[in-house]
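Examining the three-dimensional arrangement
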Amino acid sequence: MDLESVKRSFYKDVERANTGDDIEKIRIAYLGREKGHITLILRSIKDLSLEEKRVMGPLANELRQEIESILRIRQGEFHSLSREATTIDITMPGEKASLGHIHPLTQVENDIQGIFKSLNFAFIDGPEIEKEHYNFDALNIPLHHPARDMWDTFWLKTKSANRNERLLLRTHTSPVQIRYMETHKPPFQIISPGRVFRFEAIDATHEINFHQVEGLMMGKSVSVANFKYVIGLFLKQFFGKEVEVRFRPSYFPFVEPGFEIDIKIKNKWLEVMGAGMVHRKVLEGVNYDPEIWQGFAFGLGLERFAMIKYNIHDVRLFYSGDMRFIHQFN
Ligand code: FA5
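Note that this is a predicted model, so its numbers are computed, not measured.

Now for the UniProt feature "binding site: Mg(2+)" (unreviewed entry) in the protein chain. Under the feature "binding site: Mg(2+)" (unreviewed entry), the UniProt entry names E256. Secondary-structure assignment places E256 in strand β8 (residues 255-265). E256 gets classed as exposed once you look at its relative accessible area, which sits at 53%.

This is the structure:
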């Protein structure tokens, strides 16, 4: 038989099959080691000319694979039908349901929230699509301020509906500070975790889409000492042990003084958050009297904390979709 007729007769036979046994018979008729139709064809290929071999070899193998997979599917169908028909043996061990689990980043976010809640911080949410005003201007970063270059921005083509303002994907969680202060009177302490976006080159410690947790504590006598104390408590609880921490002077337009905090892992410092005392211009912008109210703010990188806690060397793994990575956190 030639390939075409073998194929045609195979499909006819499969259509007629009514049981798993029928399928097994078809398997032997076509793929049987001695006289299976496909086996015979494959065996005869060696007698063909080189030209013919090149054509027939792949075609015959393709048909063999097609037949194998059809038979496997049909056999499976008959198998499950026959199982359904039998009575259930309740003494058999059950089939284990496979359960999903929390993504490591969500886990770290939950841990961080839990710690700050225990320190009496309230949890606040903010929008991922943000107005230019909240992401920049109200944070003392007006248009043409060179500090805008610190945050490479994804701008949206659409403008805000009511005021025709420019919209963007927020580059940090700091706009939540302004939104909250505009509508609340101090004293208070809040945290706001969320997704942020930056149009920058990706590498082992930088993603274009990552998460921050913003913190803001406002009161009449809040100082840098309070910040150091709160962050110290947080770090100790989060890592479950003392970690080596370094405060470095730094610049953010919305704080004064400003600093960055690094944690030492494997003898290398990794920057994990920016922080500082809220700038008086920001306070004035939300109608807080800077002579009365002062506060500290910080923005930490969630992925960086997860990387240190679980010893992960590359931030890109979190979004890789590689289940071998994700399942390690079951
Ligand atoms: C800020 O975004 C400031 N809004 C932080 C801040 C808040 C300062 C309040 C003062 C007061 P920065 O760009 O440094 O700062 O980002 C903060 C943290 O986010 C970094 O320390 C780092 O942990 C993390 N981070 C920054 N860029 C990336 C990135 N591309 N991928 C992953 N994590 C990042």
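This paragraph deals with the domain arrangement of the protein chain. Domain boundaries assigned for the protein chain yield domain 1 (3-86) and domain 2 (104-329). Relative to domain 2, the C-alpha centre of domain 1 lies at a distance of 62 Å.

Let us now look at helix α2 (residues 20-31). The terminal C-alpha atoms of α2 lie 16 Å apart, and with 12 residues this matches the ideal 16 Å at 1.5 Å per residue to within 8%. Buried residues of α2: I23, I26, Y30 and L31, and no others. All buried residues of α2 lie within an arc of 95 degrees about the axis, which places them on one face of the element. Residues D21 and K25 are exposed on α2 and point more than 90 degrees away from its buried face.

With that out of the way, let us pick up the packing of aromatic side chains. Within this structure, the stated rule accounts for 24 aromatic pairs. On the basis of an interplanar angle of 80 degrees and a centroid distance of 5.3 Å, the ring pair of F10 and Y30 is categorised as edge-to-face. Of this pair, F10 sits in helix α1 (residues 3-16) while Y30 sits in helix α2, and the two are 20 residues apart along the sequence. Taking relative accessible area as the criterion, Y30 reaches 1% and is therefore assigned buried. Here F234 and F305 contribute two aromatic rings whose centre-to-centre distance is 5.7 Å and whose plane-to-plane angle is 45 degrees, an arrangement assigned as tilted. A residue pair is termed long-range when its members are at least 10 positions apart, and F234 in helix α8 (residues 224-239) and F305 in helix α10 (residues 302-310) qualify at 71 residues. One residue, R179, lies across the ring of Y134, its end atom 4.2 Å from the ring centre. Above the ring of F238, the side-chain terminus of K309 is found at 4.4 Å from the ring centroid.

As a further point, take unusual backbone geometry. Here P186 and P187 are connected by a cis peptide whose omega angle stands at 5 degrees. Among the secondary structure elements, P187 is positioned in the loop between α7 (175-183) and β5 (188-197). Positive phi outside glycine occurs at N287, with the angle close to 60 degrees. Tracing the backbone shows N287 in the loop between α9 (280-285) and β10 (294-301). Judged by relative accessible area, which is 67%, N287 ranks as exposed. The residue N311 is not glycine, and still its phi comes out positive at about 60 degrees.

The next point concerns the site of the ligand. Inspection of the region around the ligand gives 26 residues, with H172, S174, R198, E200 and E271 positioned closest. A distance of 2.5 Å separates a nitrogen atom of the ligand from a polar side-chain atom of E200. The separation between an oxygen atom of the ligand and a polar side-chain atom of E271 is 2.7 Å. Taken together, the elements giving at least two residues each to the shell around the ligand come down to β6 (209-219), β8, β9 (268-278) and β10.

Following both chains from N to C, one finds α2 and helix α3 (residues 37-44) inclined at 15 degrees, their axes separated by 3 Å at the closest point. Judged by the inter-axis angle, α2 sits roughly parallel to α3. When α2 is examined against α3, the residues A29, Y30 and L31 are found in contact with a partner set consisting of H37, I38 and T39. Of the residues assigned to the contact of α2 with α3, the class counts are 4 nonpolar, 2 polar and no charged.

Tallied over the entire structure, the rule returns 21 salt bridges. Between K7 and E66 there is a salt bridge, and its shortest N-O distance comes to 3.8 Å. Note that K7 is positioned in helix α1 and E66 in helix α4 (residues 50-85), a separation of 59 residues in sequence. Of the charged contacts, one joins D262 and R248 as a salt bridge, the two residues approaching to 2.7 Å between their closest N and O atoms. Taken together, the residues D262 in strand β8 and R248 in strand β7 (residues 245-250) connect sequence positions 14 residues apart. Residue R248 is classed as partly exposed on the basis of its relative accessible area, which comes to 27%. Sharing partners across several salt bridges, the network here consists of E132, D137, R148 and R166.

The pairing of β7 with β8 spans 6 bridges and is classified as antiparallel. If you follow F247 over to β8, its bridge partner there is I261. Two successive antiparallel strands, β7 and β8, enclose a turn made up of 4 residues.

Cut-offs applied
Residues numbered from 1 in each chain as written. Predicted model: local features only at pLDDT ≥ 70, side-chain atom pairs only at ≥ 80, totals over all residues. Heavy atoms only, no water. UniProt positions renumbered as here; feature names shortened; annotations may be inferred. Helix = DSSP H or I, 4+ residues; strand = E, 2+ residues; numbered from the N terminus. Buried < 20%, exposed > 50% of the residue type's maximum accessible area, 1.4 Å probe, protein only. Domains from an automatic or database assignment. Expected span 1.5 Å × (residues − 1). Arc of directions from axis to C-beta. Phe/Tyr/Trp six-rings, centres within 6.5 Å; stacked < 30°, edge-to-face > 60°. Lys NZ or Arg CZ within 6 Å of the ring centre and 35° of its normal. Near = heavy atom within 4 Å. Polar contact = N/O pair within 3.5 Å; in protein donor to acceptor, adjacent residues only side chain to side chain. Axes fitted to C-alpha atoms, helices over the stretch in contact; angles between N-to-C directions. Parallel < 35°, antiparallel > 145°, perpendicular 65-115°, else oblique. Contact = heavy atoms within 4.5 Å. Nonpolar A, V, L, I, M, F, W, Y, C, P; charged D, E, K, R; others polar. Salt bridge = Lys/Arg side-chain N within 4 Å of Asp/Glu carboxyl O. Pairing = 2+ DSSP bridges.

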